[in-house]
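Given next are the chains, with one letter for each unit.
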Amino acid sequence: MRTALQQLADHGQSPWIHFLTRDWVRDEQRGLRRLIRCGATGAVANPAALATALAHTSAYDEQIRTLIPLLDEAEDFRRQLVRIDAQEACDLLLATDGERPLDGWVGV
């Protein structure tokens, strides 16, 4: 049986997930890997998702300690935090072999 995300693809859609956080990218069972298997073809780093992850997980703590003495601007800080998540998500999305040009990308 085809998943809802695969059915969207059948209708010419490229399902992207708008929730990209470090824990979620690395979660083998419930995260991005599972949704890619179900038909997701891209992801977006949503600032609200990052804020939630920062408040409720320790996934970014080590990187934050490293960045504090190096960066002053909030946007530069956010970009550096999301960069690792996006790189790991791109590695996972390499497996998407969709025919549309936006498949396999991560928006930050």
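Whatever comes next refers back to the structure up there.
Predicted model only: the values in this text are computed from it and were never measured.

Looking at the nonpolar core
One broad trend across soluble globular proteins is that nonpolar side chains are buried collectively.
For step 1, the next point in the chain: Core analysis: the biggest nonpolar cluster contains 23 residues, and Leu20, Trp24, Leu32, Leu35, Ala89 and Val106 have the highest contact counts within it.
For step 2, the next point in the chain: Every element with two or more residues in this core is listed here: α2 (22-26), α3 (32-38), α4 (47-56) and α6 (74-93).
For step 3, the next point in the chain: It is α6 that provides the largest number of residues to this core, a total of 7 residues.
For step 4, the next point in the chain: Setting aside residues up to four positions removed in sequence, Leu35 forms contacts with Leu5, Ile17, Trp24 and Ala40.

Side note on the pattern of salt bridges
For step 1, the next point in the chain: Counted under the stated rule, the structure contains 8 salt bridges.
For step 2, the next point in the chain: Of the charged contacts in the structure, one is a salt bridge between Asp27 and Arg30, with a shortest N-O distance of 3.2 Å.
For step 3, the next point in the chain: Notably, a salt bridge pairs Glu75 with Arg79, separated by 3.6 Å at the nearest N-O pair. With a gap of 4 residues between them, Glu75 and Arg79 both fall in helix α6, about one helical turn apart.
For step 4, the next point in the chain: Taking relative accessible area as the criterion, Glu75 reaches 34% and is therefore assigned partly exposed.
For step 5, the next point in the chain: One salt-bridge network, in which partners are shared between bridges, spans Glu75, Asp76, Arg78 and Arg79.

Examining α6
For step 1, the next point in the chain: Between the first and last C-alpha of α6 there are 28 Å, a value that for 20 residues agrees with the 28 Å anticipated at 1.5 Å per step.
For step 2, the next point in the chain: Along α6, the helix axis deviates most sharply at Val82, where the bend reaches about 30 degrees.
For step 3, the next point in the chain: Buried residues along α6 sit against α2, α3, β2 (42-44), α4, α5 (61-67) and β3 (105-107).

Concerning α4
For step 1, the next point in the chain: Among the residues of α4, those classed as buried are Ala49, Leu50 and Ala53. For α4, the angular spread of the buried residues around the axis is 100 degrees, confining them to a single face. Opposite the buried face of α4, by more than 90 degrees, sit the exposed residues Pro47, Ala55 and His56.
For step 2, the next point in the chain: You can read the cap of α4 off the contacts: a side-chain oxygen lies 2.7 Å from the backbone nitrogen of Ala48, and it is on Asn46.

Rules used throughout
Residues numbered from 1 in each chain as written. Predicted model: local features only at pLDDT ≥ 70, side-chain atom pairs only at ≥ 80, totals over all residues. Heavy atoms only, no water. Core = buried A, V, L, I, M, F, W, Y, C linked by side-chain atoms within 4.5 Å. Buried < 20%, exposed > 50% of the residue type's maximum accessible area, 1.4 Å probe, protein only. Helix = DSSP H or I, 4+ residues; strand = E, 2+ residues; numbered from the N terminus. Contact = heavy atoms within 4.5 Å. Salt bridge = Lys/Arg side-chain N within 4 Å of Asp/Glu carboxyl O. Expected span 1.5 Å × (residues − 1). Bend = angle between axes of the 7 residues up to and from the residue. Arc of directions from axis to C-beta. Polar contact = N/O pair within 3.5 Å; in protein donor to acceptor, adjacent residues only side chain to side chain.

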